[in-house]
Amino acid sequence: MRRFAWASYGMYILSGVTAVLLGAIMPEWLRHYHASYGVGGRVVFIQAIGFLLGVPLAARAARRLRLEAVLSAAAIIVTIAQLILFAFPPFWLASVVVVLNGVGAGALESLVAAVVLDRFVTQRAIYMSRLEVSFGLGALLLPALTGGLIVIGHWRAIFLLVAAMGLMLAAAWQVIRVPSPESVTASGHHDAPMAPPPPFPHRTAKVLVLGMFLMMTIVYVGLEGSINSFMPSLFVSGLHARAAVAEFSDTIFWIGMVFGRMAIHWVARHLRYDYYLGVSIALVLLLLLALTRSHAVAPSLVVMFGLGLAMAAIYSLVMVYANHTFPGKTGTITNLVTAMAGFGAAVFPAMLGYAMDRLSMGGVLWILFGMAAFLLIELTAIAFSFQHLVRRTPKAELPG
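Conventions we followed
- Residues numbered from 1 in each chain as written.
- Predicted model: local features only at pLDDT ≥ 70, side-chain atom pairs only at ≥ 80, totals over all residues.
- Heavy atoms only, no water.
- Phe/Tyr/Trp six-rings, centres within 6.5 Å; stacked < 30°, edge-to-face > 60°.
- Helix = DSSP H or I, 4+ residues; strand = E, 2+ residues; numbered from the N terminus.
- Buried < 20%, exposed > 50% of the residue type's maximum accessible area, 1.4 Å probe, protein only.
- Patch = residues over 30% accessible without salt bridge, like charges linked within 9 Å, V, L, I, M, F, W, Y side chains within 5 Å.
- Areas by Shrake-Rupley, 256 points an atom, 1.4 Å probe, with all protein chains shown as cover.
- Salt bridge = Lys/Arg side-chain N within 4 Å of Asp/Glu carboxyl O.
- 1 Å grid on protein atoms, 1.4 Å probe; cavity = no way out; pocket = protein on both sides within 12 Å on 5 of 7 lines; lining within 4 Å.
- Points joined across faces, edges and corners; volume = space filled by probe spheres on them.
- Nonpolar A, V, L, I, M, F, W, Y, C, P; charged D, E, K, R; others polar.
- Core = buried A, V, L, I, M, F, W, Y, C linked by side-chain atoms within 4.5 Å.
- Contact = heavy atoms within 4.5 Å.
- Axes fitted to C-alpha atoms, helices over the stretch in contact; angles between N-to-C directions.
- Parallel < 35°, antiparallel > 145°, perpendicular 65-115°, else oblique.
- Left-handed = near helix turned anticlockwise from the far one by under 90°.

Undergrad: Help me understand the packing of aromatic side chains, please; the structure alone is not making it clear to me.
TA: Each aromatic ring pair is specified by the distance between its two centres and by the angle formed by the two planes. Per the counting criterion, the structure on display carries twelve aromatic pairs. Residues Phe 4 and Trp 173 carry aromatic rings whose centres are separated by 6.0 Å and whose planes lie at 70° to one another, so their mutual orientation is edge-to-face. Of the two residues, Phe 4 is situated in helix α1 (residues 2-33) and Trp 173 in the loop between α6 (157-172) and α7 (203-239); the sequence distance between them amounts to 169 residues. Trp 173 shares its class with Phe 4; the two are buried. Pairwise contacts between aromatic rings join Tyr 33, Phe 88, Phe 91, Trp 155 and Phe 159 into one cluster.

Structure, rendered in structure tokens:
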């Protein structure tokens, strides 16, 4: 069991690395190909499309092959993509390979999450928090490592390092076995107890509630991706920060994310998923409001750390809460949530980039505030829907 857990964490580190790799090397990569930042934005978009494709492809492969084989194949796909990018192929081929990289990342992330949520039913938030910490570590360490390689003039080596990591994980899944549901014993700490999921009288109610969870996923990941992509630029344009300080805002944000995700392990044992989500989203709203009123770099960096802490749990808990609401549908729900995450990561940063050319820093921050407000509205709507469904169901028919 422990070997499976560590291999799963390794896969999420790899996913975090691939998520930020293009952004970390973008200036040097585009300079080599004599391409503009507009072209770079389209490349990031098509990698997200690859991520979207990887989720259903992995689900279909997992129905026909051993899970270990599919996980190994996903890591191999990332490895091959990195090796081709290291060779500096023609730009059209590099663009195709970026899609392949996204496919591998989408496949490994959705498969690992589905297995963990299916096997560790009473510890879903705890194990998902560990996976999210791993993702955050990958996203945090990769830019720092890439920056060091840029300084010494060997930034291309980052492709080889990521490829080596993918190859090691592919080899690990040849000897590690995914635990069967019967072999998993729920030892150690458990998540805080939740009320049973509401009874759904018809398919329409299920679709509406699931749609609200998926919209939360799309908007949240779009919010996180927009902050990752454009907050340094907002620091430069709105606060007149130096470029190095502005880039540090992303680092501060991810440090907050990692600390916040480490705390999920403790908080999830004492606070229900829905309450935890409500508190987290309310804090995000308050912090974004504070950022709209801030006119200095130092307090804004403190707010960025707070945003990382507040946003750390939202994605994993939306996924866990959705799986709790629809028991027995772990694979389907996890794949849908993961796919919608890829969609949000592709669409919202592109839309915000368009707004960045036309609005002030304050205007862009109010858009981000509106996205966070939408999350709170959706969570409230889910809570009211559950209350309505329970009230309409006779007590004799309620679960438990």
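Undergrad: For this particular structure, what's the right way to read the environment of Ala 87?
TA: Take Ala 87: it is sitting in the loop between α3 (67-86) and α4 (91-119). Judged by its relative accessible area of 51%, Ala 87 falls in the exposed class. In this structure, the C-alpha to C-alpha distance between Ala 87 and Phe 159, residues 72 residues apart in sequence, is 9.3 Å.

Undergrad: How should I be thinking about a nonpolar patch on the surface in this particular structure?
TA: Judged by side-chain polarity, Ile 76, Ile 80, Ile 84, Leu 100 and Leu 167 come together as a nonpolar surface patch covering roughly 370 Å² of accessible area. When residues in the nonpolar patch are grouped by element, the largest group, three residues, is from α3. Here Ile 80 lies in helix α3. With a relative accessible area of 41%, Ile 80 lands in the partly exposed category.

Undergrad: Please clarify how empty space enclosed by the protein should be interpreted in this entry.
TA: Regions of empty space are outlined by a rolling probe, equal in size to a water molecule, passed over the atoms. The tally for this structure, following the rule as stated, stands at one cavity of 30 Å³ or more. Estimated volume of the largest cavity: approximately 40 Å³. Along the walls of the largest cavity sit Phe 4, Ala 5, Ser 8, Tyr 9, Val 116, Phe 120, Tyr 127 and Leu 131, which together make up its complete lining. A class-by-class count of the residues in the lining of the largest cavity yields seven nonpolar, one polar and no charged.

Undergrad: What am I meant to see in the pattern of salt bridges here?
TA: Any two side chains of opposite charge can pair, given that their charged atoms come close. Under the criterion given, the structure shown has three salt bridges. With its nearest N and O atoms 3.6 Å apart, the salt bridge here joins Arg 66 to Glu 68. Take Arg 66: its relative accessible area is 46%, and that puts it in the partly exposed class. Here Glu 224 makes a salt bridge to Arg 261, at a shortest N to O gap of 4.0 Å.

Undergrad: Explain the nonpolar core to me, please; I cannot follow it from the model alone.
TA: The tendency in soluble globular proteins is for nonpolar side chains to be buried as a group. With 124 residues, the main nonpolar core has Trp 29 and Leu 307 as its most contacted residues. If we skip the residues at most four places from it in the chain, Leu 307 touches Ile 227, Phe 253, Val 284, Leu 287, Leu 288 and Leu 291. Judged by nonpolar contacts, the second largest core, of five residues, contains Phe 51, Leu 52, Ala 105 and Ala 339.

Undergrad: What should I look at first to understand the side chain of Asn 335 in this one?
TA: Turning to its location among the elements, Asn 335 is positioned in helix α12 (residues 330-356). Overall, Asn 335 belongs to the buried group, its relative accessible area being 18%. If near-sequence neighbours (up to four positions away) are discounted, Asn 335 is found in contact with Val 55, Ala 59 and Ser 110.

Undergrad: I would appreciate a short explanation of the packing of α1 against α3 in the present structure.
TA: How two helices sit against one another is set out by the angle between their axes and by the gap between those axes. Axis separation between α1 and α3 bottoms out at 12 Å; the angle between their running directions is 15°. One finds that α1 runs roughly parallel with respect to α3. When the axes of α1 and α3 are compared, the crossing they make is left-handed. Touching Met 11, Leu 14, Thr 18, Leu 21 and Trp 29 of α1 are Leu 71, Ala 75, Val 78, Gln 82 and Leu 85, all from α3. Its residues placed into classes, the contact of α1 with α3 shows eight nonpolar, two polar and no charged.

Remember, this is a structural readout, not a statement about activity or role.
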